[in-house]
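Single-letter residue listing:
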Amino acid sequence: MTDVWSHSKSPAAQTFGLILDASPDALLAIAADGSISLANAAAARLFGYASENLAGRDHRALLAEGFRGEVTQLFSQLRTLPGEPPTPREIFGLHSDGTEFPAEAAGSLIAGEPVAAGSGDAMPAGPLLLLSVRGTSHRQAADANLREAMSLLTATLESTADGILVMSREGRVAGFNDQFLTMWGISPELLKGDSEEPVLRLVVAQVADQAAFLARLDELAANPSAESHDVLDLKDGRTLERYSRPQRVGEKIVGRVWSFRDVSPRRKAQEQAHQAMLDLAAQAEKLRAMAFQDPLTGLANRAVFTDALAAALQEPRLKTVDVLLLDLDDFKEVNDILGHQAGDDMLVEVARRLRGCAPTADVVARLGGDEFVVLLTACPDADAIAQCIVRCLHVPVTIQGTVLRPSLSLGLASLGRDRVGASELLRQADISMYAAKAAGKNRFLRFHPDMMTALVQRTNMESGLQLAVARDQISVDFQPIVSHRMGQVVMFEALARWDRDGGRVPPSVFIPLAERTGLINEIGAEVMAMGMVQLAQWLSEDPSRSLAVNVSGVQLQDPLFAQTVLRLAEASGVAPYQLVLEVTESVFFDADCGLIKQLSTLRDAGARVALDDFGTGYSSLGRLQDLPVDTVKIDKTFISMVHTGEERLPILSAMINMAHSLGLTVTAEGVETVAQADYLSALECDSLQGYLFSLPQPGRRLHHALQHAEDALAALKKLR
Ligand code: C2E
Ligand code: CA
Ligand code: CA
C-alpha cells in the first residue's frame, strides 16, 4: 500500500496506518493553514488522486465551490467550543476529474503532535483537524427509492375503492386513505386529534347492529394476531364488507389494518336475483293454477267443471245435482261496438255477480267465450238460484263509460231418477239454454223432454223454410204507422208471416233461421215484392204515403240488392221515395263499403233508411250522427216504460231531441195505450206504431187496419 500513513516504519505505526487505510471513510488530517498533512486510501479513492499527491495540497481543492469555507468553519468551531462536537455537515466534494459529489463531513481536533512522523518530512505544528468525509451519493439514491416506494403506496391506497384505516396497538389512528373518510363521512380534522374516540363514535353511529360491531372490536383487541372478515349493514342501507389483519413490523404486531369495501351494488344485484327467482317461482305457480283457472275471470275452467260433474254423478248419496248453463245475450255486440276491453270487463263483472249469486256452488266455471256454468250439488232450490242469476245479471253496469244491462239465457238441467251421464246432463242444460234464447232471452228455462221435440222440430224447420217460398207459405201482414199531428196513417210496415202445416211460425223464430241459412235473401225479396204489389194502389193515391220493409244485414251484402229493390219498385209502380228500408244497428257493425254503397244508392234514388229497434243494442246516441239513416224507430221496450204518462223519462226525450237535432224523424214502436200515444206526442215524436192503432193485418184486411187506426186517432183527438 502506498499511502500517506506509510512514513512510519515502526510495527505499531504500521498497524495503525493499515487501520486508517482500511477505514471506509475518507480521513484527512488538515493543518491550521488548510493544507492536507495526511490522507488515507479511502480519501485518495473518494477524491480521485494518487495517495502521494494529496499530502501538502490545500484541502479546499477537494471542495466544490460554495463549500470551500466549510472545513475552515468547522475548524474554528472546534477550536472555540471544544466541548460540543458539531453535527456532521452536508457538503459537496470535488473530484479530480472535476465532478462534484454529495458528502457528509465530520471533524475532530487532534491535539498536539500528529501521529509519529518517523520520516524526514516536516509536519506542520499545532492542532490538526481530522476530517472524516463520507460520500452520500448512495444515500440519495436510496432516498429517491424510498420516496418512490412511498408515493406508489400512497397512490395505490388512494386509488383503491376500499376504505383503509390503520390503527396502532395503542389505539391511535396511524393512517387512512381518502376513501375511508368519504365512506364514513369523516372529516380529516377528526383524525388529526390524539384520540380515536370521535372516529369510533361516528362509525358506530352508522352501523345497524352496534352491539355486534363493538363486540367484534373487543374480540379482535383481545386477539391482535387474528384476521377478521365480515359484513356490516349500515343504517343508510349500504352494505360494507370489513376485512382486518394485524399490521406487523418484522415479527412484531404494531397495529391493525382495517379495510372496508362498499358491496351495496353487489348486494343489490344479489337481492334482485333472489327476487327474480321468487317471481319466477310465483309465475310457475300461476301457470299451474291457470291449468285449472280461467285467466280472465279467475273462475274455474272447463276441465275443473267436467271433473267435478263426473265426481258428483258418481256419488250415490248425493240427492241432487244441478247444472246451470248460461250464455250472455248479444255479447257479440258489446265486443263489436265497445271493443274487446269492454267485452272483457263485462265478462269479469258477470263472473263476479255469478259468484255472488251462487256462493254455495260446487263450481262456477267459464267454459269459454260468454258461456258459463254453475254446478250445484245438494242444493234445495236450484230454480231460485237460476232466478237470482238472471235477475242479478240484468242490473245495469257501467263499462268504459257506457251503461250496459247484461242479460243472459240460462238452461237448467237436474239429475232425475234416470241418473243420466255427465255429457247428457250438459246437453240437456244446453238445449234448455237455447230454448231460453229462443223464448226471448234474459230468462232461464228448466229442461223438459218436450224441448227435445222442439229441437228436432227446429232442425226440420230449416228444410221446411227452404220450401216455404216455393210452397207459397210466406205472406205479408201490414201494420199502419200514424202521424198524430196529421191525424192519419202515413205508412205501413210489411211484416213477414210463415204459415206451416196449419200453424204460424213466429218471425222471431224463422227470421233468425233464415238469416243464418241465407234464405232471408229469397224471403226478403218475396216480402218486398208482395208488399209493393199489395200496397201499390194505396201508395199511388197519395205521394206522401210510404211502405216500410225490414231488411236484414245479410241482404245488404248482395251487391245487386239496391238494383233489385229499385227494379221491383218500378215493376209495381211504386216511387222509390215511397220506400223505407228498416235496418237494425247491427248491420253497421264492421260495415263494409259495399253495404254502405247499397244504402247510398237507394237513398240517392229517394228511398229512406230507418234505424229499427233503436236503443236495444249497445250503441250510443252519439253514434247516430255517423249512420246513413233518415229515421229512428224507438224500440217498444222504451215505450213500455210509459204507464201513467206522468213519469219522467229523460231517456225518451233525449232520444227524440237527439234524433231531431240531427235532422232525423222519429217513430215510436209498440204504442199500446193512449197514455203512451199522448206522452210521445208531447215529446213531438213524429209517428207512432202499435196495437193501439192496429195489429198487423194481411193485405186483404188493409181497410180494417186503416179504419182502426183512424178511429184510434180520432179518439185521441177527442180526449185532448
Ligand atoms: P220489428 O221490425 O220491430 O217489427 C215490429 C214487431 O213489433 C212486429 O213483430 C209487430 O207485430 C210487433 N208489434 C207491433 N205493434 C206492437 C205493439 O203495440 N206491441 C207489441 N208488443 N208488439 C207490437 P213481428 O211481426 O213478430 O216481427 C218480429 C220481428 O221480425 C220484426 O221486428 C222484424 O225484426 C222481424 N221481421 C218481420 N218481418 C221481417 C221481414 O220481412 N224481413 C226481416 N228481415 N225481418 C222481419
Ligand atoms: Ca221493423
Ligand atoms: Ca222494431
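Scroll up to find the structure.
### Focus on the coordination of the calcium ion (ligand 2)
Only Glu-493 (OE), Asn-550 (OD1), Glu-582 (OE) and Asp-612 (OD) from the protein coordinate the calcium ion (ligand 2), and they sit 2.1 to 2.3 Å from it. Spacing between the donor residues of the calcium ion (ligand 2) along the chain follows E-x56-N-x31-E-x29-D. Between the calcium ion (ligand 2) and the calcium ion (ligand 3) the interatomic distance amounts to 4.0 Å, and Asp-612 serves as a bridging ligand to the pair. In this pair, Glu-493 is assigned in strand S19 (residues 488-500) and Glu-582 in strand S22 (residues 579-584), connecting sequence segments 89 residues apart. The same class applies to Glu-493 and to Glu-582, which are both buried.

### Section: the sheet that holds strand S8 (residues 228-233)
Strand order across the open sheet formed by five strands is S7-S6-S10-S9-S8, with antiparallel pairing between neighbours. Edge positions in the sheet fall to strand S7 (173-176) and S8, since each has one partner strand and no second. Going across the sheet, the axis of each strand differs from the next one's by a mean of 20°, ignoring polarity. Looking at chain direction, strand S6 (residues 163-168) and strand S10 (residues 252-262) are connected through six bridges and run antiparallel. Note on S10: the bridge partner recorded for Met-167 is Arg-256. In the packing of helix H8 (residues 210-222) onto the sheet, the strands contacted are S8, strand S9 (239-249) and S10, and the crossing angle to S8 comes to about 165°.

### Some thoughts on the site of ligand 1
Near ligand 1 lie 21 residues; those nearest to it are Gln-479, Arg-497, Asp-612, Glu-672 and Tyr-691. Within the side chain of Asn-550, a nitrogen or oxygen atom sits 3.0 Å from an oxygen atom of ligand 1. Contact between ligand 1 and Asp-612: an oxygen atom at 2.9 Å from a side-chain N or O atom of the residue. For ligand 1, the protein covers 83% of the area, taking 790 Å² as the surface of the free molecule. Going through the elements one at a time, S19, helix H16 (507-517), helix H17 (520-541) and strand S23 (608-614) are the ones with two or more residues in the shell around ligand 1. Considering each element in turn, the shell around ligand 1 owes the most residues, four residues, to S19.

### What to know about the coordination of the calcium ion (ligand 3)
Ligation of the calcium ion (ligand 3) by protein atoms is provided by Asp-612 (OD), Asp-613 (OD), Glu-669 (OE) and Glu-669 (OE), these donors lying 2.0 to 2.5 Å from the ion. The sequence pattern describing where the donors of the calcium ion (ligand 3) fall on their chain is D-D-x55-E.

### As for the sheet that holds strand S13 (residues 371-377)
Taken in spatial order, the five strands line up as S12-S13-S11-S16-S17 in an open sheet, and their pairing is mixed. Each edge of the open sheet carries a strand with a single partner, namely strand S12 (363-368) and strand S17 (443-446). Along the sheet, successive strands turn relative to each other by an average axial angle of 20°, direction set aside. Here strand S11 (residues 321-328) runs beside strand S16 (residues 408-414); their pairing, made up of seven bridges, is antiparallel. Bridge assignment links Leu-326 to a residue of S16, and that residue is Leu-410. Packed on one face of the sheet, helix H10 (residues 302-313) meets S11, S12 and S13 and runs near 130° to S12.

### Details of the pairing of strand S25 (residues 665-668)
Residues in a regular strand project their side chains so that they alternate between the two faces of the sheet. As defined by bridge partners, strand S24 (residues 631-634) adjoins S25 across four bridges and the pair is classed as parallel. By the bridge assignment, Thr-631 is partnered in S25 with Thr-665. The β-α-β motif built from S25, the intervening helix H23 (residues 674-682) and the parallel element strand S26 (residues 687-689) has right-handed crossover chirality.

### Quick word on helix H12 (residues 340-357)
Relative to the 26 Å expected for 18 residues at 1.5 Å per residue, H12 spans 25 Å between its end C-alpha atoms, a close match to the ideal helical length. Within H12, the full set of buried residues consists of Ala-342, Gly-343, Met-346, Leu-347, Glu-349, Val-350, Ala-351, Arg-353, Leu-354 and Cys-357.

### Details of the pairing of S8
What you see with S8 is a clean split: Ser-228, Asp-230 and Leu-232 sit on the buried side and His-229, Val-231 and Asp-233 on the side with no burial. In this sheet, S9 lies alongside S8 in antiparallel orientation, the contact comprising six bridges. When the bridges of S9 are listed, His-229 appears paired with Tyr-243. As consecutive antiparallel partners, S8 and S9 are separated by five residues, and within that stretch Gly-237 has a phi angle of approximately 100°, a positive value.

### Focus: a nonpolar patch on the surface
A cluster of nonpolar side chains, Leu-146, Met-150 and Leu-153, forms an exposed patch at the surface whose accessible area comes to about 320 Å². The topology assignment puts Met-150 in helix H4 (residues 137-159). Judged by relative accessible area, which is 48%, Met-150 ranks as partly exposed.

### With respect to the side chain of Ser-546
Inspection of the secondary structure assignment puts Ser-546 in strand S21 (residues 546-550). On the basis of relative accessibility, which here comes to 3%, the residue Ser-546 falls in the buried class. A polar side-chain atom of Ser-546 sits 2.8 Å from a polar atom in the side chain of Arg-608. In this structure, Ser-546 is in contact with Val-490, Met-491, Phe-492, Trp-538, Leu-539, Gln-578, Val-580 and Arg-608, ignoring residues within four places of it in sequence.

### Brief notes about the pattern of salt bridges
Taken as a whole and judged by the stated rule, the model has 29 salt bridges. The closest approach of N and O atoms between Asp-336 and Lys-332, which form a salt bridge, is 2.5 Å. Remark: Lys-332 and Asp-336 occur in helix H11 (residues 331-338); sequence separation between them is four residues, near one turn of the helix. Judged by its relative accessible area of 28%, Asp-336 falls in the partly exposed class. Where Asp-477 meets Arg-504, a salt bridge forms, and the shortest distance between an N and an O atom there is 3.7 Å. Within this pair, whereas Asp-477 is found in strand S18 (residues 474-483), its partner Arg-504 is found in strand S20 (residues 503-505), the two being separated by 27 residues in sequence.

### As for the packing of aromatic side chains
When we look at a pair of aromatic rings, we describe it by the centre distance and by the angle of the planes. Tallying each qualifying case throughout the model produces seven aromatic pairs. Ring geometry for Phe-180 versus Phe-260: centroids 5.8 Å apart, planes at 40°, classification tilted. In this pair, Phe-180 sits in helix H5 (residues 178-184) while Phe-260 sits in strand S10, placing the two residues 80 residues apart along the sequence. Its relative accessible area of 1% is what places Phe-180 among the buried residues. Centre to centre, the rings of Phe-492 and Trp-538 are 4.9 Å apart; their planes meet at 75°, and the pair counts as edge-to-face. Linking Phe-492 in strand S19 with Trp-538 in helix H17, this pair joins segments that are 46 residues apart in sequence. Here the two residues Phe-492 and Trp-538 agree in accessibility, since each one is buried. In textbook terms, an aromatic cluster arises when at least three aromatic residues are bridged by ring pairs, as seen for Phe-180, Trp-184 and Phe-260.

### Details of the packing of helix H19 (residues 561-572) against helix H20 (residues 593-604)
Taken N-terminus to C-terminus, the directions of H19 and H20 make an angle of 30°; their axes are 8 Å apart at the nearest point. Put simply, H19 runs roughly parallel to H20. Contacts from Phe-561, Ala-562, Val-565 and Leu-566 of H19 reach H20 at Gln-598, Thr-601 and Leu-602. In the contact of H19 with H20, the residues fall into five nonpolar, two polar and no charged.

### Side note on unusual backbone geometry
You will see that Ala-378, though not glycine, has its phi angle at about 55°, which is positive. The residue Ala-378 is located in the loop between S13 and helix H13 (382-393) in this model. Even without being glycine, Glu-684 reaches a positive phi, approximately 65°. As for its placement among the helices and strands, Glu-684 is situated in the loop between H23 and S26.

About the thresholds
- Residues numbered from 1 in each chain as written.
- Chains lettered and ligands numbered in written order.
- Predicted model: local features only at pLDDT ≥ 70, side-chain atom pairs only at ≥ 80, totals over all residues.
- Heavy atoms only, no water.
- Donors = N, O, S within 2.8 Å, 3.2 Å for Na, K, Ca; no water.
- Helix = DSSP H or I, 4+ residues; strand = E, 2+ residues; numbered from the N terminus.
- Buried < 20%, exposed > 50% of the residue type's maximum accessible area, 1.4 Å probe, protein only.
- Pairing = 2+ DSSP bridges.
- Axes fitted to C-alpha atoms, helices over the stretch in contact; angles between N-to-C directions.
- Contact = heavy atoms within 4.5 Å.
- Near = heavy atom within 4 Å.
- Polar contact = N/O pair within 3.5 Å; in protein donor to acceptor, adjacent residues only side chain to side chain.
- Areas by Shrake-Rupley, 256 points an atom, 1.4 Å probe, with all protein chains shown as cover.
- Right-handed = clockwise from strand over helix to strand, strands pointing away.
- Expected span 1.5 Å × (residues − 1).
- Patch = residues over 30% accessible without salt bridge, like charges linked within 9 Å, V, L, I, M, F, W, Y side chains within 5 Å.
- Salt bridge = Lys/Arg side-chain N within 4 Å of Asp/Glu carboxyl O.
- Phe/Tyr/Trp six-rings, centres within 6.5 Å; stacked < 30°, edge-to-face > 60°.
- Parallel < 35°, antiparallel > 145°, perpendicular 65-115°, else oblique.
- Nonpolar A, V, L, I, M, F, W, Y, C, P; charged D, E, K, R; others polar.

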